[in-house]
Amino acid sequence: MSTQQEQPTDADDAGTGQADDAADAGPSPQDRRMDKKADRRIERERAAGATDADAETVHLKVFRYDPEVEGKQEPRFDDFHVPFEKGMTVLDALIYARDEFDPSLTFRHSCRQAVCGSDAFFVNGRQRLGCQTQISDLDGPVRVEPLPHQDVVKDLVVDMEHFYEQMHAVEPYFQEEDLPDGDLEEQYQTRENREKVKMSTRCIWCGACMSSCNIAAGDNEYLGPAAINKAYRFAMDDREGEELKEHRLRIMEQEHGVWRCQTQFSCTEVCPKDIPLTEHIQELKREAVKKNLKFW
Amino acid sequence: MYEHDVIVVGAGGAGLRAAIAAHEAGADVAMVTKLHPVRSHTGAAEGGINAAIRDGDDWELHAYDTMKGSDYLGDAPAIETLAQDSPEDTITLEHWGMPFSREEDGTVSQRPFGGLSFPRTTYAGAETGHHLLHTMYEQVVKRGIQVYDEWYVMNLAVTDEPDPNDRSCHGVVAYDVQSGQIQGFKANDGVILATGGPGQAFDHTTNAVSCTGDGQAMAYRAGVPLEDMEFVQFHPTTLPSTGVLISEGVRGEGGILYNEDGERFMFEHGYANNDGELASRDVVSRAELTEVNEGRGVEDEYVNLDMRHLGEERIMDRLENILHLAEDFEGVDGLVEPMPVKPGQHYEMGGIETDENGATCVDGLYAAGECACVSVHGANRLGGNALPELIVFGKRAGRHAAGEELGAAEILTGYGDDVEDETDVGAPVEPGLAGIDETSPASGVAADGSGQTMASDAVLEQAVEAERTRVDHLMDTDDGVNHADIRSKLQRAMTDYVNVFRTEDGVKKALEIIRECREEYQRVGVSDPSRTFNTDLQMTYETRNLIDVAETIALGALVRNEFRGAHWRQENQIRDDENWLKHTMITWDDGAPSIWYRPVILEGEEKTYEPKVRSY
Ligand SMILES: Cc1cc2nc3c(=O)[nH]c(=O)nc-3n(C[C@H](O)[C@H](O)[C@H](O)COP(=O)(O)OP(=O)(O)OC[C@H]3O[C@@H](n4cnc5c(N)ncnc54)[C@H](O)[C@@H]3O)c2cc1C
Ligand code: SF4
Ligand code: FES
């Protein structure tokens, strides 16, 4: 568990004065040291240049399409050769390609840390977050395509509207109305129950699961793993009463709900948040049976 | 043209809360946001929400801690409002189903945080911001609030009376990123800016690529003061290639910082002989940079954070998420090698000047969240105080914009009798406008010279036309300068000269480079010819905003010749209460920034906060 302790700045901390002194420290040995380091760096760079240039370059093959622009209306792949740096992710490489070679290269991205869910792409044949995928873990050339089974808007950008509609279709909000009287009084929840829903609450709406799912590809109305997981998140949360749970199970029971899932586990495999999606779907099926709800 | 009572720009924590509040107050509210709400950077917050909800704690302690943490540059009415409202507003999140961590007895958990006299940081695992964001978005869906997502707001429709205090805001101009169409959004009752921080003004930041200070720049150009922009918080342990934050937890558990020579520099070079790695954020950040500047950095760039000695079992138990972060974003296995870290920009304390109700000096224009400055954080934000700011002031702004009575504000806004002018800015180059192309497009005074204020529709239409013209111009410019080149130059300058170490000469150098960026921006062009999802165009707009915001940060850093909170000046190593218990205000007067000061308010409801030496 992480405790992000933010400590305040402290004008009187013992360190401040020293840091200042250090910054002013005698120039000559320091300068010499810096010079030496600069020399070493130049040498390093020269050495790098002398070796096989390819070893230091990432070869990207990126899907391109723009309905408006001549030459891009027919989908194609563009090649980019990006200088490799340790720690480089697929997203870093795409940003480099865009900023240095082609400003029209288009993809969604924002947080760069696997929390915003913007940059799920099809990388070397698998759904992955660009920002969470190290280039060094991939075989080259690295092939980057938009998520399969979704309409492409442009380059790597897909239309997420359908995904959002499915998410919204499961009443994805807490509905308990029988709340404690006081504005300052919380509802109680056991640690076990919180633990039970924990993984399901981690979804970042990236759409990777839906894109990997064969059933969703064949049945456009199938709610899909992420939406079902969202329903699970509330159905299993004890703070919502039994009646609501039953109501939620009924939604899951509908024709395009849980029973469509054929437990292929593809969603679970690609989920960047390691959510046990297939298990959650199975559990909802069992709950529905337990509650004796009719099923298709 | 679209029309609503209240338009909320931005859908992070502050925007969502504002929209829900305005909706509950009966307004027809819509959100216009360049990212889908769940993609907002609020989702990255880990630590928690400060709220005095337990026996033994009370809002006055929270207020006291916050005032002290602010280094006495927070305004008491804002701080007290935050501390008073946070408990109820935090519990509201629980009532909306937010999955807080729980105690054995089923109540929500709280943890200790730096600078707090009581463990009042209410959290949901290591992903509090994610849960806060998603819980509020769920409530927006529940209420059926209209969201225009992936609409980029380009400008505000504000009238242009000579005195900004007489101006009014009537809506915004935005473009649909997917289709490229530019539209006006008319706001009958108010526009609330909730656009987040400007971290992208620096080349190394924990902030998202979308944190480009758009709201701040737009408000600034409309005449609203930006307040205390020089106060920027840097975090000492971020991963070098991405800026992803490695939490203090690693050092809390016993992680050690080493330089290239394997020295434990916090002790061996005497930066913090008592606290070592656990010294406060700014001390550790400055120590790391000093090591690098003196040639003892690894690869001349970073230092190493080593936790291997803690052993696999303890690491897996307490710091597992850190292993994933280092692995995924830096390609480093924290169990077998030390993790590279360096300081990164983290939070902007300053922002759009508002009162406790979120109102700015322009009628109908509000701001809340990181883009605003009420001012709660003053010279330094305490961990866990930004998220409560989002919900407390987001809610207040939403209610006020929707016409609810919240009582008169104690904090004054806009240039007035209580302020003091800066006469000698000492900038090395002329800040502000460069060239003719940048003249402010929105103007609400009839062009016939009659001096009559135009109808609100006309103000909006004129603003829309101005943006259409601007876009045509940007798209038609062949062989223009690529915004990315200007942006990276700007970011480098800010990181080199307006970072944790500031010297007068350095800040001046930054202002010179910012000037160059402005001049280059006159020749900027968008090379992507498509109207469909043109991120080149969007980023070109954002870069302009970054230039304006960066300049205010540098100007503030130049004039404030003292050391307070996060603002360290080599030449001035003391906090100067005699001269500097005042906020730095920067306004855009016909394209040229002017600087003035407003005294800080230390008088609270029942007591006056006496500035004390900050020692912990
Ligand atoms: C890594 C990290 C950890 C943190 N941890 C904590 C913590 O533990 N506790 C704490 O209290 N604080 C923490 N903070 C600080 C806190 O998270 C932020 O200050 C806060 O989330 C900002 O919220 P916001 O709503 O103001 O902006 P954001 O969440 O950034 O949202 C901005 C919104 O504005 C929209 N927008 C921006 N420009 C435009 C435009 N031109 N047109 C249309 N829409 C636009 C975006 O789409 C987005 O929806 C942390 C910050 C970071 C980076
Ligand atoms: S369940 Fe996993 S893969 Fe699916 S949208 Fe959520 S985070 Fe992405
Ligand atoms: S950029 Fe946010 S998830 Fe990858």
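Since we're looking at a predicted model, the values are computed, not measured. (Residues numbered from 1 in each chain as written. Chains lettered and ligands numbered in written order. Predicted model: local features only at pLDDT ≥ 70, side-chain atom pairs only at ≥ 80, totals over all residues. Heavy atoms only, no water.)

(A) Fine view of the overall build of chain B. The number of helices and strands found in chain B is 16 helices and 20 strands. For a compact globule of 616 residues, the expected C-alpha radius of gyration is about 25 Å, and chain B comes in at 23 Å, within 12% of that figure. By principal-axis analysis of the C-alpha atoms, chain B measures approximately 75 × 55 × 50 Å. The buried share of chain B, reckoned over its 616 residues, is 70%. Of the contacts formed within chain B by residues at least 6 apart in sequence, a portion of 74% connects residues at least 24 apart. Surface exposure of chain B reaches about 18300 Å², of which carbon and sulfur atoms provide 44%. Where the 48 positive side-chain charges of chain B centre and where its 112 negative ones centre are 2 Å apart. (Helix = DSSP H or I, 4+ residues; strand = E, 2+ residues; numbered from the N terminus. Rg over C-alpha atoms; globule rule 2.2 N^0.38 Å. Buried < 20%, exposed > 50% of the residue type's maximum accessible area, 1.4 Å probe, protein only. Contact = heavy atoms within 4.5 Å. Areas by Shrake-Rupley, 256 points an atom, 1.4 Å probe, with all protein chains shown as cover. Lys, Arg positive; Asp, Glu negative; His and termini not counted. Charge placed at Lys NZ, Arg CZ, Asp CG, Glu CD.)

(B) Fine view of the side chain of glutamate 389 of chain B. Residue and element names in this part refer to chain B. Considering the arrangement of structural elements, one finds glutamate 389 in helix 11 (residues 386–401). Arginine 381 provides the closest opposite charge to the buried, salt-bridge-free glutamate 389, at an N-O distance of 7.0 Å. In this structure the side chain of glutamate 389 is engaged in a polar contact, spanning 3.2 Å, whose partner is the side chain of tyrosine 347. In contact with glutamate 389, other than residues within four places in its own chain, are Leu82, Tyr347, Gly369, Ala372, Val374, His377 and Gly394. (Salt bridge = Lys/Arg side-chain N within 4 Å of Asp/Glu carboxyl O. Polar contact = N/O pair within 3.5 Å; in protein donor to acceptor, adjacent residues only side chain to side chain.)

(C) Region of interest: the sheet that holds strand 17 (residues 372–373) of chain B. All names here are of chain B. Pairing is mixed across the open sheet formed by 6 strands, whose spatial order is 17-15-10-19-20-18. Two strands bound the open sheet, and with one partner strand each, they are strand 17 and strand 18 (420–421). Relative to strand 19 (residues 582–589), strand 10 (residues 226–227) runs antiparallel, the two sharing 2 bridges. By the bridge assignment for strand 19, glutamate 227 is matched with methionine 585. (Pairing = 2+ DSSP bridges.)

(D) Quick peek at the packing of aromatic side chains. Scanning the entire structure with this criterion turns up 21 aromatic pairs over all chains. Through a chain of ring-to-ring contacts, the aromatic side chains of Phe163, Tyr164 and Trp205 of chain A together with Tyr137 of chain B assemble into a single cluster. Across the ring face of tyrosine 123 of chain B, the terminal group of arginine 111 of chain B is positioned such that the distance to the ring centre comes to 3.7 Å. Here the guanidinium or amino end of lysine 582 of chain B rests over the ring plane of tryptophan 580 of chain B, the centre of that ring lying 4.8 Å away. (Phe/Tyr/Trp six-rings, centres within 6.5 Å; stacked < 30°, edge-to-face > 60°. Lys NZ or Arg CZ within 6 Å of the ring centre and 35° of its normal.)

(E) Region of the structure containing the domain arrangement of chain B. Residue and element names in this part refer to chain B. Once the domains are mapped, chain B shows domain 1 (1–231 + 349–616) and domain 2 (238–343). For the pair domain 1 and domain 2, the summed buried surface comes to about 1000 Å²; carbon and sulfur atoms form 61% of the total. The largest share of the area that domain 1 buries against domain 2 comes from His204, Val500 and Phe501, three residues that together contribute 49% of it. At the boundary of domain 1 with domain 2, the tally comes to 0 salt bridges. Between domain 1 and domain 2 we count 3 residue pairs in polar contact (both at pLDDT 80 or more) in total. (Domains from an automatic or database assignment. Buried area = accessible area lost by both parts, 1.4 Å probe.)

(F) A look at the site of ligand 1. Every one of the 39 residues lining ligand 1 counts as a neighbour, but Ser40, Thr42, Gly47, Glu370 and Leu387 of chain B are closest to it. Surrounding ligand 1 is a set of residues that belongs to chains A and B. One nitrogen or oxygen atom from the side chain of serine 40 of chain B is found 2.7 Å from an oxygen atom belonging to ligand 1. Contacts to ligand 1 include glycine 47 of chain B, whose backbone N or O atom sits 2.7 Å from an oxygen atom. Within the complex, 98% of the 1000 Å² of free accessible area of ligand 1 lies under protein. Contributions of two or more residues to the shell around ligand 1 are made by helix 1 (13–24), strand 2 (29–33), strand 7 (151–158), strand 14 (339–348) and helix 11 of chain B. Of the residues in the shell around ligand 1, the class split is 15 nonpolar, 18 polar and 6 charged. (Near = heavy atom within 4 Å. Nonpolar A, V, L, I, M, F, W, Y, C, P; charged D, E, K, R; others polar.)

(G) Main features of the sheet that holds strand 3 (residues 120–123) of chain A. Residues and elements named next belong to chain A. Read from one edge of the open sheet, 5 strands run 2-1-5-3-4, paired in mixed fashion. The open sheet terminates on both sides in strands that have one partner only, identified here as strand 2 (76–83) and strand 4 (126–129). Here the average twist between neighbouring strands, direction ignored, is 35°. Where strand 3 and strand 4 come together, 4 bridges link them in antiparallel fashion. Opposite valine 123, over in strand 4, you have arginine 126 as the bridge partner. Here helix 3 (residues 90–100) sits on the sheet and contacts strand 1 (57–64), strand 2, strand 3 and strand 5 (142–145); the angle it forms with strand 2, its principal contact strand, is near 100°. (Axes fitted to C-alpha atoms, helices over the stretch in contact; angles between N-to-C directions.)

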